[in-house]
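# A structural walkthrough
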Amino acid sequence: MSSSQNQGRVAVITGASSGIGAATARALAADGYRVALLARRLDRIEALAAELGNGAIAVPADVTDRDAVVAAAQRVQDELGGADVLVNNAGVMLLGPFSSEQRQDYRAMVEANLLGAITTTEVFLDQLKDGGSDLINISSVAGRTARAGNGVYAATKWGLNGWSESLRQELLPDVRVTLIEPGVVDTELPTHITHEATRQGVQQAYDVAPVKAEEIAEVIAFALARPRHLAINEILLRPADQLG
Ligand code: NDP
């Protein structure tokens, strides 16, 4: 779809302050979308909105706080006329061995990755149903596989996958639902891991990650640009040398 065909279309992106979310905002803005950037770090999304222009707005919102998401949706309605695309990207990956010491991390991952996406979609659903629109859920390879040390993170992504397939059937053809499942992508994601030994190990893999957030954003933009009669439901993508 050319950028002129997207003029007036509005994309809401959660977790737009860094990584895949920020890159997706840049890609969709380049394709002509007006973007609403949601995240907790207001300075970052304000700077990105100023960089993008074309009606981009920065909306501080913690996806675990339904009132904040409702306020964000109201701003999107009032200032941009409603959402045509929602990208549920906000997430945390707080890996570590399964133990009670990590229990706060488990709750944080379920609340942001899974409940946050569900809540944001539930709040924006009326705007999305108001014409041909798209829901993009950022899952992970961890939504298709599981390994020692990533159990609750994998549980949130497996949960996203099941919920997405159910929604796909429920919302078609008005809302196309697309699940994106990246492997290792070079972002700040592992820097937030609280279990020190795990963080160091995971960081080593990320230090050499060949796939950039911009490459995931290109794939998202490609899926969105397909004609309305074609829905790309699921994309699993890894660095070419990633085994599991
Ligand atoms: P980043 O850490 O760069 O981005 C995560 C984003 O989520 C940030 O913008 C952060 O913003 C936001 N976020 C986290 N918690 C909340 C919250 N409670 N409310 C609102 N926003 C929140 O990592 P990535 O770009 O890599 O991650 C984006 C998504 O991609 C995640 O869902 C992740 O699981 C997924 N993914 C990443 C992979 C990778 O290898 N990088 C691989 C597979 C999937 P702020 O802190 O400002 O709120």
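Summary of the structure given here. Within each chain, residues carry numbers counting from 1 in the order of the written sequence. In keeping with the predicted nature of the model, local features appear solely for residues at pLDDT of at least 70, side-chain atom pairs appear and are counted solely at 80 or more, and the whole-chain, interface and lining totals rest on all residues. The side-chain figures draw on all heavy atoms in the structure; neither hydrogens nor water molecules are used.

Under the scheme used here, helices are H or I runs from DSSP no shorter than 4 residues and strands are E runs no shorter than 2 residues, and both carry numbers assigned from the N terminus. Looking only at helices and strands, the protein chain has seven helices and seven strands in total. Since a compact globule built from 244 residues should have a radius of gyration of about 18 Å, the 17 Å found for the protein chain is in line with a globular shape. Counting only C-alpha atoms and orienting by the principal axes, one finds that the protein chain spans roughly 45 × 35 × 35 Å. Here the protein chain, with 244 residues, has 52% of them falling under the buried criterion. Contacts are assigned to residue pairs with any non-hydrogen atoms lying within 4.5 Å of each other. Expressed as a percentage of contacts within the protein chain between residues at least 6 apart in sequence, the contacts between residues at least 24 apart total 67%. Neither His nor the chain termini are counted; the positive set is Lys and Arg, and the negative set is Asp and Glu. All charge positions are set by atom: Lys at NZ, Arg at CZ, Asp at CG, Glu at CD. Looking at the protein chain, you have 21 positive and 30 negative side-chain charges, and the mean spots of the two groups are 3 Å apart. Each radius of gyration is computed over the set of C-alpha atoms, and the globule rule expresses the reference value as 2.2 Å times the number of residues to the power 0.38. A 1.4 Å probe rolled over the protein chains alone gives each residue an accessible area, and that area as a share of the maximum for its type sets the label: buried under 20%, exposed over 50%, partly exposed in between.

Working definition of a nonpolar core: buried Ala, Val, Leu, Ile, Met, Phe, Trp, Tyr and Cys residues. They are joined through side-chain atoms within 4.5 Å. Core analysis: the biggest nonpolar cluster contains 36 residues, and Leu-28, Val-35, Leu-37, Ile-180, Ile-216 and Ile-220 have the highest contact counts within it. Taken together, the elements giving at least two residues each to this core come down to β1 (10–14), α1 (19–30), β2 (34–39), α2 (42–52), β4 (85–88), β5 (133–138), α7 (213–224) and β7 (234–237). Filtering out sequence-adjacent residues up to four positions away, Leu-37 remains in contact with Ile-13, Ala-16, Ala-25, Ile-45, Leu-48, Ala-49, Ile-57, Ala-58 and Val-59. Ala-73, Leu-80, Leu-125 and Leu-135 belong to the second-largest nonpolar core, a separate cluster that totals 27 residues.

Okay, the site of the ligand next. Each residue is tested against the molecule or strand, and it is near if at least one of its non-hydrogen atoms lies within 4 Å. Close to the ligand lie 30 residues; Ser-17, Ile-20, Arg-40, Tyr-153 and Thr-187 are nearest. Ile-20 is positioned such that a nitrogen or oxygen atom in its backbone is 2.8 Å from an oxygen atom of the ligand. Counting of polar contacts relies on pairs of N or O atoms within 3.5 Å, with two restrictions inside protein: one atom must be capable of donating a hydrogen and the other of accepting it, and residues adjacent in sequence are counted only when both atoms are side-chain atoms. Separating an oxygen atom of the ligand from a side-chain N or O atom of Thr-187 is a distance of 2.6 Å. Areas reported here follow the Shrake-Rupley algorithm with a probe of radius 1.4 Å; residue values treat only the protein chains shown as occluding. Coverage of the ligand by the protein chains reaches 97% of its 870 Å² of free accessible surface. Of all the secondary-structure elements, those providing two or more residues to the shell around the ligand are α1 and α5 (151–171).

At least two DSSP bridges between two strands are needed for those strands to be called paired. If you walk across this open sheet you meet the seven strands as β3-β2-β1-β4-β5-β6-β7, and the pairing is parallel. Both outer strands of the open sheet, β3 (57–60) and β7, are each paired with one neighbouring strand and no more. The sheet shows a mean angle of 15° between the axes of neighbouring strands, taken without regard to direction. Strand direction decides the pairing type here: strand β6 (residues 175–182) and β7, joined by four bridges, are parallel. Along β7, the bridge assignment pairs Leu-179 with Glu-234. Each of β1, β2, β4 and β6 is contacted by α1, which is oriented at about 170° to β1, the strand it contacts most. Running at roughly 165° to β3, α2 makes contact with β2 and β3 of the sheet. Helix axes are fitted only over the stretch in contact, all axes being lines through C-alpha atoms; the angle between N-to-C directions runs from 0 to 180 degrees.

So, about the packing of α1 against α2. It is the contact of α1 with α2, at a shortest axis distance of 11 Å, that shows an interaxial angle of 20°. Viewed along their axes, α1 and α2 adopt a mutual orientation that is roughly parallel. Handedness of the α1/α2 crossing: right-handed. Packed against α1, whose contacting residues are Ala-22, Ala-25, Arg-26 and Ala-29, the element α2 presents Leu-48, Glu-51 and Leu-52 at the interface. An angle below 35 degrees is read as roughly parallel, one above 145 as roughly antiparallel, one from 65 to 115 as roughly perpendicular, and any other as oblique. A clockwise turn of the near helix away from the far one marks a right-handed crossing, whereas an anticlockwise turn of less than a right angle marks a left-handed crossing.

An ideal rise of 1.5 Å per residue puts 38 Å on 26 residues; helix α4 (residues 103–128) measures up with 35 Å between its terminal C-alpha atoms. Of all the bends found along α4, the most pronounced is centred on Leu-115 and spans about 40°. One less than the number of residues in a helix, times 1.5 Å, gives the span that helix is expected to have. Values of bend correspond, residue by residue, to the angle between axes fitted over the seven residues ending at that residue and the seven starting there.

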